[in-house]
Structure formats: C-alpha cells, structure tokens
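As a plain string of letters, each chain reads:
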Amino acid sequence: MSDALKSLGFALALCLVCGVMLTAAATRLKPLQNENMRIDRNKNILKAAGLIDEQESYAAARIDELFAARIVRMRVDGAGRIMDTETPADDSVRDVLPVYLVIGEEREILSYIIPINTRGLWGRIHGYLAVDTDGVTITGFTVYQHAETPGLGGEIEKKWFQDNFVGKKLVDHHGNFVSVGVAKGRVEDVVSEDRRPNYVDGISGATLTGRYLAAGMAEILSAYEPMSVNFRQNNIRCRMETIPSWCDDETATN
Amino acid sequence: MKLQRTKAFQTLARPIWGDNPINIQMLGICSALAVTVQLNTAVVMALSMTFVISFSNLIVSLLRKIIPRNIRIIVELSIISSLVILTDEFLKAYYYDISKQLSVFVGLIITNCIVLGRAESFALSNPPHLALMDGVGNGMGYGAVLVAVAFFRELLGFGTLFGFQIIPDGFYAAGYKDAGFMLLAPAAFILIGLFVWLQKYLSGKS
C-alpha cells in the first residue's frame, strides 16, 4: 500500500514539475513562434505569387518589405466585388472572404491569391493558390502548414507537387467552372486529353490526401467563383476604382 | 591515470565508435533515413538528439534511487518527452525553417529506442557523471552517422553541402547529373550498410 502511495506521489510530483516547466517554456517562446509563423505565411503568399525563389533564403525584413510593396490584402463579397479590408460589411454583404492581390510596378493587378484551408487526412491543410487575372489560369500554389504523413501525403509541401498546379485551369474547355482535381497517378496516363488542364499529378500512397485537397479546393474556389467570373469578364479593373484605398496612393501600399 | 583510461572517457568514447548505436546496435535507423537528405537538418537533429539523450540520462541517473521501480518506464518516458517538447518549442522559436523541415521527426525522438534504451540500461544503474558521458557519447555516435550519411546524400543528390554548391558548374555542363536516387530513403539504407561494413572491416570483427 505504501509502495503504491509512494509511486502515486512520485508520479504527481513529476507531472507537476514537467507541466510547469513546459508551460513556462511554451508561454515564453510563443511570441517568437507566432512571429515566425506570420513571416512564414507572408513568405508563402509571396512564393505563390512567384515573387521569391524557394531555393534562396530571405531575411524577415526583406519578406516584410516585399510583402508591403507587392501584396494588398482585400476582401471579396458574395457578388465577387473586391473591397478594402477597412470597409465595414453592411447587411447586403453576406459572405466576405479574404483575398490577396499581387500588384506590379504600375499598381496594376498581376494575379490574385486565395487562401486555402481544407481538411486533410490527419489535420487541416493550409496554403495559398494564385490565379492569373484571366480568372482561369493557376500561377502558383503553396502549402505552409499540414499534418499529412511525411513521405506520402506530406509530399504536398514539395516543389514538384506544387509546381504541378502552375498553368492548370479552373474551367473546362466549355468555360464552365470545374476546379482542379488531383489525379490518381500521372495526369498523362489516367486523364483524357480534354480534361488534362483540370488535373494535377497525384501522389502515390496518398490517395486520400489528394481527394481531400481536391474536394476542399473545389469548395473554396466555388465560393470565390463570382470574383473569378469578374476577372474573366474583365470587370475588375473598373471596379477597382470604387475601392477607396486603391485610388489613394497614400494607403494603397499598406 | 591517463585521460584515455578513465571510466568517464571510456563511457563517452565507446558509443561513438566501438558500440555505435546505429552501426553496431542497429538502433534509431528510422530517423537516420528521414532527416539525412541535407546536412542542415542532420546536424540539427544530431544536436537535438544529443541534448535530449544527455539530459534524460542525467536526470534519470539523479533520480535513480527514488524512482519507484513499478512505474520507472513511464517516469523515464515523461522525462524524455518533456525534453523533446522543450527542444521542439525551442526550434520553432529560433530555427523555424529547419523545424518545418524536420517536421515530426523531432517529436519522434521520444520513440527513438536509443534514448529509452540508455535510460533503462545505463542511467538507472550508474552515477550521474557517467550517465551524462554515456548520453553525450551516444548522441555523438548517433549524430556522427547521421552527418556522414547526410554528407554523401547531399553531395551526390544535390551537388551541395550545407546548401552551398560544391560540384562545379563545369561538371554539369560536361553532362554530370545529380543522383536523384540519393534523395530516396533506400540510399540511406545502402550508405548505412556500407558504413557498417567499413566499421566492421576497420575494427577487425567478422
């Protein structure tokens, strides 16, 4: 009996010591970790935009500078109108979604970036998808956070898989929205020729990850479809003028 | 007494060469395959592992007389996992990119049989200074193999070391190609196999 009590006491003391130590460490390091995550997110947005080279390393300040100069965070409403983030949502605006615009030297829009947050096999997959101003062609894709199996589903964070998306189309050859699917194998081998622009090569051993990613993307992209349609019909440029911060040079870079 | 003859030195040196955890005892092979594509990750993994195994050995050895025998494994695991979580949090705060590349493998140090093995078979029955030496030795023995494997994999697979290009551009122009095979897990198996052979040959064991 006293042995059992002694074990229990020891276990309790150990839990207490370990618990306090880990809590202290986690609390102290949290601000640094959050800052790292913020920079990593911005870096991935820049990567999806094709503004940085994955092979090179960038200082945090350089990332912030590039981000401030080339990326504008906006919101998009259910009708596909792009709004300044500061505009309060009125009653007519139901779903407001975040979108990042990639801007060039002349303040023209080069592409738009949609945040991807979807279910994966073991946890959420977070990433960014960049689409050209034609509203159809994907220009970049990155994943910055996931919990997929390393070596299998974890390949979604690899360059080969992400580069796979570049040049793929959101619409089929009739112009209808179809999103992008993940093929079970190589696109050339398993997908008929007219549908190849809508599929990327799959990862062997990670069928479920691919399925969840494709389903999640379809859902997210369909929510953004009104905006993509506006881009396709070339409506955005004139609509941009209605955005206060866009016309005001002072705040446009913020 | 000469330094080489002291028990502490022998405890430190034995796992680095004669009783190497990977090459001789065949432990911890899993992570040796996973994190050795680049030298950066291999070095960080080796340091993390050395930190965890040294301190888990030290703490277990300090507590060895009061740890109740019936719950000793769970106590050892709690100590090891606390150290591993500390390491992981530290990497996330200061070496975020490397921590992302290592992903789950830092967390998996908890299940690395070398750590629990040394705590159970050495630290529980030896005084703290020897246990610490044993931990450092095993960490370095493990790390040395990791770094050696990563050296060949990165050099042959990417043509770089620590990310710096080593193979001159002229070689590529002349038709040299990086061995993509080196980036796959089986390449690490083959390299470790060659190391085992080399070490057995050098130390004269059959």
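Look up: the structure comes first, before these words.
What counts as what
Residues numbered from 1 in each chain as written. Chains lettered and ligands numbered in written order. Predicted model: local features only at pLDDT ≥ 70, side-chain atom pairs only at ≥ 80, totals over all residues. Heavy atoms only, no water. Helix = DSSP H or I, 4+ residues; strand = E, 2+ residues; numbered from the N terminus. Rg over C-alpha atoms; globule rule 2.2 N^0.38 Å. Expected span 1.5 Å × (residues − 1). Buried < 20%, exposed > 50% of the residue type's maximum accessible area, 1.4 Å probe, protein only. Contact = heavy atoms within 4.5 Å. Pairing = 2+ DSSP bridges. Salt bridge = Lys/Arg side-chain N within 4 Å of Asp/Glu carboxyl O. Buried area = accessible area lost by both parts, 1.4 Å probe. Nonpolar A, V, L, I, M, F, W, Y, C, P; charged D, E, K, R; others polar. Disulfide = S-S within 2.5 Å. Axes fitted to C-alpha atoms, helices over the stretch in contact; angles between N-to-C directions. Left-handed = near helix turned anticlockwise from the far one by under 90°. Lys, Arg positive; Asp, Glu negative; His and termini not counted. Polar contact = N/O pair within 3.5 Å; in protein donor to acceptor, adjacent residues only side chain to side chain. Core = buried A, V, L, I, M, F, W, Y, C linked by side-chain atoms within 4.5 Å.

**Focus: the overall build of chain B**
- If you tally the helices and strands in chain B, you get ten helices and two strands.
- Along the chain direction, N to C, the helices and strands of chain B fall in the order α-α-α-α-α-α-α-α-β-β-α-α.
- For 206 residues, the compact-globule estimate of 2.2 N^0.38 gives 17 Å, and chain B sits close to it at 19 Å.
- Dimensions of chain B along its principal axes, counting C-alpha atoms only, are 65 × 45 × 30 Å.

**Remarks on helix 5 (residues 207-223) of chain A**
Residues and elements named next belong to chain A.
- Between its terminal C-alpha atoms helix 5 stretches 25 Å, which fits the 24 Å expected from 17 residues at 1.5 Å a residue.
- Among all positions of helix 5, only Thr 209, Gly 210, Leu 213, Ala 214, Gly 216, Met 217, Ile 220 and Leu 221 are buried.
- On its buried side, helix 5 packs onto strand 4 (109-119), strand 5 (124-132), strand 6 (138-145), helix 3 (159-163), strand 7 (181-182) and helix 6 (225-232).

**A short note on the pairing of strand 6 of chain A**
All names here are of chain A.
- For strand 6, a buried count of six out of eight residues is recorded, marking the element as mostly surrounded by other parts of the structure.
- Examined bridge by bridge, strand 5 and strand 6 share six bridges and lie antiparallel to one another. Bridged to Val 131 within strand 6 is Ile 138.

**Let's talk about the pattern of salt bridges**
- Applying the stated criterion across every chain yields a total of 13 salt bridges over all chains.
- The network of salt bridges with common partners includes A:Glu35, A:Arg38 and A:Asp64.

**A short note on the interface of chain B and chain A**
- With 23 residues of chain B at the interface, the matching set in chain A holds 20 residues.
- Summing the contributions of chain B and of chain A, the shared interface buries around 1,800 Å²; its carbon and sulfur component is 68%.
- In terms of surface lost to chain A, no three residues of chain B exceed B:Glu89, B:Tyr96 and B:Lys100, which account for 27% of the buried area on that side.
- Where chain B meets chain A, there are two salt bridges.
- A salt bridge links B:Lys100 to A:Asp40; the shortest N-O distance between them is 2.6 Å.
- Contributing elements (two or more residues each) for the side of chain B that touches chain A: helix 4 (72-94), helix 5 (96-102) and helix 6 (104-107) of chain B.
- No other element matches the eleven residues that helix 4 of chain B contributes to the side of chain B that touches chain A.
- The residue inventory of the side of chain B that touches chain A, partitioned by class, reads 15 nonpolar, four polar and four charged.

**Observations regarding the state of the cysteines**
- Enumeration according to the criterion identifies zero disulfides over all chains in this entry.
- With no disulfide of its own, B:Cys30 has B:Cys113 as its nearest cysteine by sulfur position, at a separation of 8.9 Å.

**Points about the packing of helix 3 (residues 39-62) of chain B against helix 4 of chain B**
Residues and elements named next belong to chain B.
- One can describe the packing of helix 3 onto helix 4 by two numbers: an axis separation of 9 Å at closest approach and a directional angle of 145°. In this structure, helix 3 meets helix 4 at a crossing whose hand is right-handed. Contacts from Val 44, Ser 48, Phe 51, Val 52, Phe 55, Ser 56, Ile 59 and Val 60 of helix 3 reach helix 4 at Glu 76, Ile 79, Ile 80, Leu 83, Val 84, Thr 87 and Leu 91.
- When its residues are assigned to classes, the contact of helix 3 with helix 4 shows eleven nonpolar, three polar and one charged.

**Overview of unusual backbone geometry**
- With a phi angle near 65°, A:Ser179 is a residue other than glycine that sits in the positive phi range.
- Mapped onto the elements, A:Ser179 comes out in the loop between helix 3 and strand 7.
- The exposure class assigned to A:Ser179 is buried, which follows from its relative accessible area of 2%.
- Despite not being glycine, B:Met26 shows a phi value in the positive range, around 60°.
- Mapped onto the elements of the fold, B:Met26 is located in the loop between helix 1 (7-13) and helix 2 (29-34).

**Some remarks on the side chain of B:Glu154**
All names here are of chain B.
- Position of Glu 154 relative to the elements: it lies in helix 8 (residues 128-158).
- Notably, Glu 154 is buried but unbridged: the nearest opposite-charge side chain belongs to Arg 153, and the N-O separation is 9.8 Å.
- Only 2.6 Å separates the side chain of Glu 154 from the backbone nitrogen of Leu 39, close enough to count as a polar contact.
- Once residues within four sequence positions are removed from consideration, Glu 154 is found in contact with Val 37, Gln 38, Leu 39, Asn 40, Gly 159, Thr 160, Leu 161, Phe 162 and Gly 163.

**A word on the nonpolar core**
- Core analysis: the biggest nonpolar cluster contains 44 residues, and B:Ile22, B:Met45, B:Leu102 and B:Ile109 have the highest contact counts within it.
- A:Val76, A:Val200, A:Ala206 and A:Tyr224 belong to the second largest nonpolar core, which has 34 residues in total.

**What about the environment of B:Leu183?**
All names here are of chain B.
- Relative to the assigned elements, Leu 183 resides in the loop between helix 9 (169-173) and helix 10 (185-202).
- The exposure class assigned to Leu 183 is partly exposed, which follows from its relative accessible area of 29%.
- Distance in space between the C-alpha atoms of Leu 183 and Val 136 is 29 Å, their sequence separation being 47 residues.
- The residues contacting Leu 183, other than those within four sequence positions of it, are Val 37, Arg 153, Gly 157 and Phe 158.

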